[in-house]
Amino acid sequence: MKVKNLVITGIALLVIVLLIVFGYRAYLNGETSLSIAQMSKKKILITYYTRTNDTSKMADTIHSLVGGDMIKIEPEIAYPADKEAYTKRVSDEREKRAIVPLKTSFPNLKPYKIIFVGTPTPLGITAPPVKSFLIKNSDNLKNKIIIPFIIYQETNQAMGAYRDITYFVPNSYVKNPYFTGENITGSKKVSTERWLTSMKFKRYELK
Ligand SMILES: Cc1cc2nc3c(=O)[nH]c(=O)nc-3n(C[C@H](O)[C@H](O)[C@H](O)COP(=O)(O)O)c2cc1C
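In this text the structure is predicted, and so the values were computed from the model without any measurement.

**Overview of the environment of proline 128**
Next up, step 1: For proline 128, the location among the structural elements is in helix H5 (residues 128–136).
Next up, step 2: A tally of 25 C-beta atoms within 10 Å means that proline 128 is categorised as buried.
Next up, step 3: Considering only alpha carbons, one finds proline 128 and leucine 102, 26 residues apart in sequence, at a separation of 9.9 Å.
Next up, step 4: Those residues in contact with proline 128 that sit more than four places away from it in its chain are Val90, Glu93, Ala98 and Val100.

**Details of the site of the ligand**
Next up, step 1: In the vicinity of the ligand, 20 residues are found, and the nearest of them are Thr52, Thr55, Pro120, Gln153 and Glu182.
Next up, step 2: When residues of the shell around the ligand are traced back to their parent elements, those giving at least two are helix H3 (54–66), helix H4 (83–95) and strand E5 (145–152).
Next up, step 3: By residue number, the principal contributor to the shell around the ligand is H4, which donates 3 residues.
Next up, step 4: Here the residues of the shell around the ligand sort into 6 nonpolar, 9 polar and 5 charged.

**A closer look at the packing of H5 against helix H6 (residues 155–168)**
Next up, step 1: Orientation of H5 relative to H6, taken along the N-to-C sense of each, is 25°, at an axis distance of 9 Å. In terms of their interaxial angle, H5 and H6 are classed as roughly parallel. Each of Lys131, Leu134 and Ile135 in H5 lies in contact with H6, whose residues at this interface are Asp164, Ile165 and Phe168.
Next up, step 2: Broken down by class, the residue content of the contact of H5 with H6 amounts to 4 nonpolar, no polar and 2 charged.

**Some remarks on the domain arrangement of the chain**
Next up, step 1: Here the domain parsing of the chain yields domain 1 (1–32) and domain 2 (35–206).
Next up, step 2: Between domain 1 and domain 2, the contact holds 6 residues from the first and 5 residues from the second.
Next up, step 3: The leading source of residues in the side of domain 1 that touches domain 2 is helix H1 (residues 2–29), at 3 residues.
Next up, step 4: Residue classes in the side of domain 1 that touches domain 2 are distributed as 2 nonpolar, 3 polar and 1 charged.

**Description of the pairing of strand E3 (residues 69–72)**
Next up, step 1: Pairing geometry for strand E2 (residues 44–48) and E3, over 4 bridges, is parallel. Within the sheet, the bridge partner assigned to leucine 45 lies in E3 and is aspartate 69.
Next up, step 2: In this region the chain leaves E2, passes through H3 and returns to the parallel neighbour E3; the handedness of that crossover is right-handed.

**Quick look at the nonpolar core**
Next up, step 1: Counting residues in each nonpolar core, the largest one holds 36 residues, and the members touching the most others are Ile115, Val117, Ile146 and Ile165.
Next up, step 2: Those elements that place two or more of their residues in this core are E2, H3, strand E4 (114–120), H5, E5, H6 and strand E6 (173–174).
Next up, step 3: The element best represented in this core is E5, accounting for 7 residues.

**Thoughts on the pairing of E4**
Next up, step 1: Burial analysis of E4 places 7 of its 7 residues in the buried class, which makes it a mostly covered element.
Next up, step 2: Burial along E4 is two-sided: Ile114, Phe116, Gly118 and Pro120 and Ile115, Val117 and Thr119, pointing in opposite directions, are all buried.
Next up, step 3: Direction of pairing for E2 relative to E4: parallel, over a ladder of 5 bridges. By the bridge assignment, leucine 45 is partnered in E4 with isoleucine 115.
Next up, step 4: Note: E4 against E5, 7 bridges, orientation parallel.

**Considerations on the packing of H3 against helix H7 (residues 188–198)**
Next up, step 1: Two elements in contact, H3 and H7, have axes whose closest approach is 10 Å; the angle formed by their N-to-C orientations is 60°. Viewed along their axes, H3 and H7 adopt a mutual orientation that is oblique. Handedness of the crossing formed by H3 with H7: right-handed. Between H3, through Met58, Thr61, Ile62, Leu65 and Val66, and H7, the contact on the second element is made entirely by Lys188, Lys189, Thr192, Glu193 and Leu196.
Next up, step 2: Within the contact of H3 with H7, the residues separate by chemical class into 5 nonpolar, 2 polar and 3 charged.

Thresholds applied
- Residues numbered from 1 in each chain as written.
- Predicted model: local features only at pLDDT ≥ 70, side-chain atom pairs only at ≥ 80, totals over all residues.
- Helix = DSSP H or I, 4+ residues; strand = E, 2+ residues; numbered from the N terminus.
- Buried ≥ 20, exposed ≤ 12 C-beta atoms within 10 Å, placed from the backbone.
- Contact = placed C-beta atoms within 7 Å.
- Near = placed C-beta within 6 Å.
- Nonpolar A, V, L, I, M, F, W, Y, C, P; charged D, E, K, R; others polar.
- Axes fitted to C-alpha atoms, helices over the stretch in contact; angles between N-to-C directions.
- Parallel < 35°, antiparallel > 145°, perpendicular 65-115°, else oblique.
- Domains from an automatic or database assignment.
- Pairing = 2+ DSSP bridges.
- Right-handed = clockwise from strand over helix to strand, strands pointing away.
- Core = buried A, V, L, I, M, F, W, Y, C linked by C-beta atoms within 7 Å.
- Left-handed = near helix turned anticlockwise from the far one by under 90°.

Laid out in structure tokens, this is it:
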């Protein structure tokens, strides 16, 4: 009788432990949304490269909604204003798979949980300074949420830039990208707000 009771108690305890373990895992895997107010409480970094300020306008809009720190990524050697020279340089850098040196030095990235990364799409790729930032910091960006905002002229190429970003930081959670055409106006604030509130995060990504 005693043995039977012990076996029943053992099984019951095992079931309880399994329920707790699997229940917690299911809870962590579940998705949750953050309101803009909740998001603002996280330590947020908004970083971007811009040549003609479209991407910086978008960065400003995001910043006005979620706050956080904002850092413009500057290459050591600025890109030329002349379109042809710019095309040539980006094309060379793409061919050489260059990781261009940056003038911008970044603070310790550890405290940031959510990092918005903005890029135009010269020649359909992630701007080389943004690529450099991501590759040089891929270890520091491990397990962080990276939210790209990508400014394009041609939609199909924006998707390529997004895919690149996921390769540059394979150990980050790259998600919820925002793609927008180059004509950044005040009305973008409404769609930006909608984008921010529609984001879903796994609970483990927010831990
Ligand atoms: C030389 C050059 C090449 C470009 N190539 C592309 C391209 O291949 N695909 C695209 O979608 N946009 C392309 N663009 C457009 C830029 O991505 C777009 O104008 C963007 O808004 C610029 O952002 P910025 O003002 O932040 O630099 C190109 C722009 C320039 C000047």
